[in-house]
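Working through the structure, step by step
So you can see what is in the structure, the chains are spelled out below.
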Amino acid sequence: VTLRRQLALAFALFAAVPLAAALVPVSRALSGALGAEHAARLDGAAAALAGELARLGADAESAAAELARGPDAEALARDLAAGRLDPADAARRAGEWMAARGLDVLAVIEPDGRVLSSGHLPGRAGDVDPDLAPILAGPPGVATGRLVARAGPDGVVPVLALVAWAPVEPGGLRVAGGLALGGERAHRLAALTGGAVRLLGPDGAVLAEAEGPGDELPAVARRLLGGLPGAPVRLVPVGDPAAPAATVEIRVASGGLARAQLTVLGAFLAALAAGTLAAAAAGALLASRVTRPVEALRAAAARVAAGDLEARVGIAPAGELGELVRSFDAMTADLAAGRARLAQAERIAAWREVARRLAHEIKNPLTPIAMSVETLRDAKARARPDFAEIFDEGTKAIAEEVRRLKKIVDEFSRFARLPAPERAPVPPEELVQAALALFSAPPPGVAITRDVEPGLPPVLADRDQILQVLLNLVRNGLEAMPAGGRLSLSARRAPGGVAFAVTDAGPGIAAADLERIFEPYYTTKPGGTGLGLAIARRIAEEHGGALEASSRAGEGATFTLRLLEAAGTIGATGSAS
Amino acid sequence: VSRGRPSPRRRAALAAAVLGLAAAAIPARAGVRPAYGGTVRLALPALPREADPALASEGPDLFLARATAGLLLELDPGGRLAPGLLAEVPSPEADGRTFRLRLDPAARTASGEPVLAADVVRALSRVLSRSSPSPHAWAALAVAGAEAVLDGRAAQPGGIQILSEHELLVTLSMPLPEFPYLLATPAVAIPGAGPFVAAPLEAGRPVSLSANTLHPRGRPLADRLVLSAADARGAARLLERGEVDGALGPDAAGDRVRPLPTLTVTVAAVNGARLGSSAAAVRAALGALDRAALARRFARGAAVPLPTLVPQALLSGGAAAAAPAADGARPAASAPPAPPIEPPRPLRLLVPEGASDARAAAERLQVLLFDRGLRAALEAVPRAAFAARAAAGDCDVAVASVTVLAPRPALAAAQVAHALRGAAGARRALAALAGKDGPEAADAAAALGRELDLFPLVASGARASSGPRLLGLAAGGAGAVDPSGLWLLGGGAQ
C-alpha cells in the first residue's frame, strides 16, 4: 500500500468514525419519537374500531326491533296463526327480509325455539339453531357477538356476527338479526381505522382479516429496517370483555413512520458516506503534495542507480524535503563531475601508456639503425675492403627497420583514426562465408570448418570492419597452428544478437596473457604490432558488441565476437533464411 | 274433410275431453256449458323461455309446449290413452317390441301443413340429438338404434321405419308395454300442431297465444292465451284486481286454489367414487333426512314425502305399503356413523338453477352434513350443464327436481334416472320397471334407487289459483293443466 493510500485511508477513518458513532443515539431518539406517535395513532384506531363495533351492534338491535314491529312480521305471525301460510312458504321470508334490510344474519324463531325461517342458513328450518339459542336466552334488544354458522359460496362456515333479537307480537315469534364481521366488514373496518384488521376467534383462529390502506414498505425496506420501529397491536373484544366471543386485532400501518425513519437514516448514511469520501479525497490530495517530492526523489535515485548521472529531482519543495532534494541533486552533480575528472585522468594515463609503448616500439628499430650507421661510418673510415658488402648489409638493415617503423606508425595511425562504423543489417551467413572465402586454400595440415545455425537474424554491422575482425581472428588462429590442426568458424544465436566464434587447436593462451592480449601493443607473436586484437575489440565495442577470448593452455583458444541483432529485420531475415 | 268441421271421431274426443274437464275442473258449476271465445290471462312463476318441446323441462316451458305442440296421443281425464295426431292408440305386435303408428290423415299443423310420418321420426330423433342435448332423451331410449343417434353415429334411430306418409313402424330394443304413453308426452310432440299458436318469444314480454283452428281435436275453447310472470304475492294481487284470470305456481294466489298432482319429484344422487371416505357420512345424512319435514318445511306447493323414484300418484293400490319406510327414508344404521375426516375441499352439492325444491333440499342436506362435520357448498348451474355434469359424475351430490311427464312407473323412473344418471341410468330404469305397476313397481323402484345410489326425497305439485271467471284450470289426464281446456264463463261474450 503506497504512502498516498495510507494517508487517504487514515483521513477517511478519522471522518467516518465520529459520524458512525453519532448514528446510534440519533437512530434511537428517532425510533422513540416515531414509536410514540405510532402508539397514539394505534390508540385512536382502536377507539374508532370500538365505536364502529358499537354502531354495528346498535344497527343490528334496531334492525331486529324494527323488523319485529314491522307489518311483514306481523302479517307472517297472523297468517301462521290462521293457518294461511305453509311452513315452506314461511321458510323463504327470512331470506327476502335479510336481503332487503342489508342484514347478514336473520332468522325467525318459533315459540318452541325452532327455526321457522333462516336467511343465513335456510337449511336450518325446523331445527333449534345452536348458535342463536344462547342469544335468545338473553335479553332482547342487546347485540351479542357470536360465531354463527352461515351458508356461503364455500359451504356452511362460522362467521362472527353481532346479533340481537326482538319479539314479534302477537304470536310468540322472535326475530334474530345481525351483522356479520366477515371479510367484507373487516375491509370496511380497515378502511375506517386506517389499519390492518384481524378477527380472531376464541381459540385464536383467524376468522377474517384485511390489510390497511396501502402504506406498506417494499419488502427490501422492511428487511432493512428489521424491528424498527416495531408494529404493536391493540385488541378490542367483541361481546362480553370477560368472555369475548371474538377479538378484533388492529395494527396500524407503520409504513409511513418507518419510511420517515428510513429517510432520516438514509440521509444520515448519505452524509456519512459523503463525509468519508470527502475526507478521503482531501487526504489523497494532501498526500499527493507530500509524496510528490518523495516520488520524484525515488525516480531520480533509480535513474542515478542506472548510471544516469544527469538525473535531477526537478522540483524544490519547502522544508526538510526541499533540503533533501537539494542535497540529492548536489550529490549527483558532484558524482558526475568526479566521474568526468576520473575519466579525464584515465584518458591521460592511457595516452601516456600509449606514448610510452609507442616510444618503446620506435626505440627498438632505432638501435639497429644507429648500429648500422655506426658500422658503415667505421667501415668507411677504415676503408675496409668489404665496405661494399658491409654497406649493402647495413643499408638493408636500416631499410628493414625503417619499414618496420613505418608499419608501426601506420598501425598506430589506423588505431587512432579508425573511422566510425556504418552499420547496416548483414546476414551472419554472409559474413562467415566472406571471411572463409579468403582461406579456400588453407595451409597444409589445417582443416577449416564452418558451422552456422540456420535462421539466424541479420546483425547490425559495418560489413568491412566486421569482416576485418573475423579475418584477423582466423589469421591469428592459423598462425597459432603452424603444425596444422582444425579451425572452426561458427555463428550461433546469443541473447540480443549473434555470437561468432573462432576456435583453433593451437597451444592456447596463458591465463596471464589472456587478460592483456586486447591491450594496444601487447603481443605474444614475434613481429606482431600488438594492435590487431586491440583494433578488433574496439570495432566490436563501437558496434555495441563485445569480443572476448577463452583458452586453456594446450587446448587451443576461442575468440567470440558478439554483435547485436538488426532490430525489425528478424522476420524478413528469417524468411530469407 | 273440411277444416272447419271436426270429424265424428274428433267430435267424440272433444266431447269426452269437455266432459272430463267439466267433471274435474268445475264440479261446483255442474251444468254450466263451456263457452268458446275470450282471452285467458294466466300468471306463471316465470315467462316461458323455450319454445322447443324437446327442450322444455320447467313448468312454464312445459305449459307452452302443451299449448303449441301436438301430442301424438292424448290422455283422457281418467288417464287412458286416446288418439291425438295418431289416428289410433297403437298396440304392440306379436313380438312385443314393434308398434305400428298410423297418423290421422287429417292432422295438420297450424300453418296447414300435413303432419307426416317424417315429422314423427324427426320428433323422436330430436330428443336423442347430440348437438343440442334434450332432457327428454329417455323418451326415445327404448327405440332400437337410439344409442347410435346419442353417440352421433346416426341421424335417426334405426328402429324407426317409415311405411308411408302416414304410417311408420317403431321397433324397440327392449319390451316396453308403456311405449304408447311416451307418445302422449310433450317431449315428442309435433311442434306447431298444438291447440294454440304462439307469437315469437320476446324476453320480458308476456307470451301471447292464439287458438289454432286447424287443431285435429277442434279449436280450443279460448280464443287467446296470455302468459305473464309473477311471484306468488304478485299473482295474488293481479288476481284480486282481475288483471289475470288464473295463476299457476307452487304458491297459492287466491281463495280458489286447487292443488295439482305431486308429479315433480326431488331426488338426490350420490357419487360414492368421488366422495371416497365421506360417502358413508353423506348417505347417512340423506338416510336421516326427515322427508315429511322436508315436504312440509322446504318443498313449495303441495308436497309429500317420496318413498321411491316413482311418485306415489303413479303407483296404483298398495304402493305405499310397499315403500321401504313410512316416510321413504332408508333405514339408518343403528349406530351413529363415525365422524368423517374433513376433506380438504368442501363437498359440492350440485343443483339446477331455478329448481327451488332441489335447492331447498340441498340446503337442508348441507346443514345436516355441517352438523356431521362435513362442509358442503351449493353450486347452482344451468339445467343443460347440470344434466351433463350429473351424468358424468362431476359433483359429489346432485339434487334435481324432475316433473314427470308420463304417468307410468317405468317411464317416470326412466325420466328421473336420466336426469341424474344419464342415458345409462334411464336404460336400467326402463329395464327394471318395464311392465310393472303397483307394489311390484314400487319395490323395483326402491331397488333401482339403491342400485343407482339415488335418494328420493319429496314429490311436489303446483297449485292452480283461479279467478271468478276462469274454469278448467285443473289437472288433466297427464297430471298437468290442459291449455285447450281453459275457458271463461260467458266466453268471448263478456
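Preceding this paragraph is the structure being described.
So, a few notes on the structure that sits alongside this text. The shown structure was predicted, so the numbers you read here are calculated from the model rather than taken from an experiment.

1. Considering the overall build of chain B
Each helix and strand in chain B was counted, giving 14 helices and 22 strands. Counting all 494 residues of chain B, 56% fall into the buried class. A separation of at least 24 residues holds for 72% of the contacts in chain B among residues at least 6 apart in sequence. For chain B, the exposed area adds up to about 18,600 Å²; of that, 55% sits on carbon and sulfur atoms.

2. Some points on the overall build of chain A
Summing up its helical and strand segments, chain A has 15 helices and 16 strands in all. A buried classification covers 40% of the 577 residues belonging to chain A. Counting contacts in chain A only where the partners sit at least 6 residues apart, residues at least 24 apart contribute 64% of the total. When the accessible area of chain A is evaluated, it comes to approximately 29,800 Å², of which 60% is carbon and sulfur surface.

3. A few points about helix α12 (residues 383-392) of chain B
All names here are of chain B. By the burial criterion, the buried members of α12 are Phe 386, Arg 389 and Ala 390. Along the axis of α12, the buried positions cluster into a sector of 100°, meaning they face one direction only. For α12, the exposed residues set more than 90 degrees away from the buried face come down to Ala 384 and Ala 392. Here the buried face of α12 lies against β16 (347-352), β17 (376-381), β18 (397-403) and α13 (409-433). Backbone geometry just after α12 places Gly 393 at a positive phi near 75°.

4. Some words on unusual backbone geometry
Residue Ala 383 of chain A is not a glycine yet carries a positive backbone phi of 55°. Secondary-structure assignment places Ala 383 of chain A in the loop between α9 (319-382) and α10 (387-416). Note on Ala 383 of chain A: relative accessible area 58%, which makes it exposed. The residue Asp 453 of chain B is not glycine, and still its phi comes out positive at about 60°.

5. As for the interface of chain B and chain A
The interface of chain B with chain A comprises 19 residues on the first partner and 26 residues on the second. Carbon and sulfur atoms make up 47% of the surface buried where chain B meets chain A, a total of about 1,800 Å² over both sides. Where chain B touches chain A, the interface holds 6 salt bridges. Linking chain B with chain A are 9 residue pairs in polar contact (both at pLDDT 80 or more), by the criterion used here. Where the side of chain B that touches chain A is concerned, the elements lending two or more residues are α9 (291-297), α11 (356-371) and β17 of chain B. Per-element tally for the side of chain B that touches chain A: the top contributor is α11 of chain B, with 6 residues.

6. Let's talk about the sheet that holds strand β15 (residues 302-305) of chain B
Residues and elements named next belong to chain B. If you trace the 6 strands from one edge of the open sheet to the other, you get β15-β19-β14-β18-β16-β17, paired in mixed fashion. The open sheet has two edge strands with one neighbour each: β15 and β17. Strand-to-strand twist across the sheet, computed as the mean angle between neighbouring axes with direction ignored, equals 20°. In this structure, β16 lies alongside β18, joined through 2 bridges in parallel fashion. Each bridged residue has a counterpart across the sheet, and for Leu 349 the counterpart in β18 is Val 397.

7. A few points about the sheet that holds strand β6 (residues 160-164) of chain B
As a general point, the strands of a sheet are linked pairwise by backbone hydrogen bonds and lie either parallel or antiparallel. Residue and element names in this part refer to chain B. Strand order across the open sheet formed by 3 strands is β5-β7-β6, with antiparallel pairing between neighbours. At either margin of the open sheet sits one strand with a lone partner, and together these are β5 (98-102) and β6. Looking at each pair of strands side by side, their axes are set apart by 20° on average, direction ignored. Pairing between β6 and strand β7 (residues 167-171): 4 bridges, direction antiparallel. Following the sheet pairing, Ile 160 is matched in β7 by Val 170. Contacting β5, β6 and β7, helix α3 (residues 117-126) crosses the sheet at an angle of about 170° to β6.

8. Here's the deal with the packing of helix α12 (residues 463-479) of chain A against helix α14 (residues 532-542) of chain A
All names here are of chain A. Between α12 and α14, the shortest axis-to-axis distance is 10 Å and the interhelical angle comes to 145°. The interaxial crossing formed by α12 with α14 has left-handed handedness. Residues Gln 465, Ile 466, Gln 468, Val 469, Asn 472, Leu 473 and Asn 476 of α12 lie in contact with α14, whose contacting residues are Gly 532, Leu 533, Ile 535, Ala 536 and Ile 539.

9. As for the packing of helix α1 (residues 3-69) of chain A against helix α6 (residues 183-193) of chain A
Residues and elements named next belong to chain A. α6 packs onto α1 with a crossing angle of 135° between their chain directions and a minimal axis gap of 9 Å. The angle between α1 and α6 places the two elements in the oblique class. The element α1 and its partner α6 pack so that their crossing is right-handed. The segment α1 lies against α6, with Ala 45, Ala 48, Leu 49, Glu 52, Leu 53 and Leu 56 engaging Arg 185, Leu 189, Leu 192 and Thr 193. For the contact of α1 with α6, the per-class residue count stands at 7 nonpolar, 1 polar and 2 charged.

10. A few points about the pairing of strand β19 (residues 454-461) of chain B
Residues and elements named next belong to chain B. Taken across its 8 residues, β19 has 8 buried, putting it largely inside the fold. Note that strand β14 (residues 264-270) and β19 share 6 bridges and pair antiparallel. When the sheet's bridge partners are listed, Thr 264 is paired in β19 with Ser 460. Relative to β19, β15 runs antiparallel, the two being bridged by 4 bridges.

11. Examining a nonpolar patch on the surface
Together, Leu 9, Leu 13 and Val 17 of chain A make up an exposed nonpolar region whose accessible area comes to about 300 Å². Accessibility expressed as a relative area gives 53% for Val 17 of chain A, which makes it exposed.

12. As for the nonpolar core
Ranked by size, the top nonpolar core spans 88 residues in total, and within it Leu 128 and Trp 138 of chain B carry the most contacts. Among the elements that take part in this core, α13 of chain B stands out by supplying 13 residues, more than any other. For Trp 138 of chain B, the residues in contact, after removing those within four places along its chain, are Leu 182, Thr 185, Leu 405, Ala 406, Leu 411, Ala 414, Gln 415, His 418, Ala 426 and Leu 430 of chain B. Among the nonpolar cores identified, the runner-up in size contains 50 residues, and Val 426, Val 432, Leu 436 and Leu 489 of chain A belong to it.

What counts, and at which threshold
Residues numbered from 1 in each chain as written. Chains lettered and ligands numbered in written order. Predicted model: local features only at pLDDT ≥ 70, side-chain atom pairs only at ≥ 80, totals over all residues. Heavy atoms only, no water. Helix = DSSP H or I, 4+ residues; strand = E, 2+ residues; numbered from the N terminus. Buried < 20%, exposed > 50% of the residue type's maximum accessible area, 1.4 Å probe, protein only. Contact = heavy atoms within 4.5 Å. Areas by Shrake-Rupley, 256 points an atom, 1.4 Å probe, with all protein chains shown as cover. Arc of directions from axis to C-beta. Buried area = accessible area lost by both parts, 1.4 Å probe. Salt bridge = Lys/Arg side-chain N within 4 Å of Asp/Glu carboxyl O. Polar contact = N/O pair within 3.5 Å; in protein donor to acceptor, adjacent residues only side chain to side chain. Pairing = 2+ DSSP bridges. Axes fitted to C-alpha atoms, helices over the stretch in contact; angles between N-to-C directions. Left-handed = near helix turned anticlockwise from the far one by under 90°. Parallel < 35°, antiparallel > 145°, perpendicular 65-115°, else oblique. Nonpolar A, V, L, I, M, F, W, Y, C, P; charged D, E, K, R; others polar. Patch = residues over 30% accessible without salt bridge, like charges linked within 9 Å, V, L, I, M, F, W, Y side chains within 5 Å. Core = buried A, V, L, I, M, F, W, Y, C linked by side-chain atoms within 4.5 Å.

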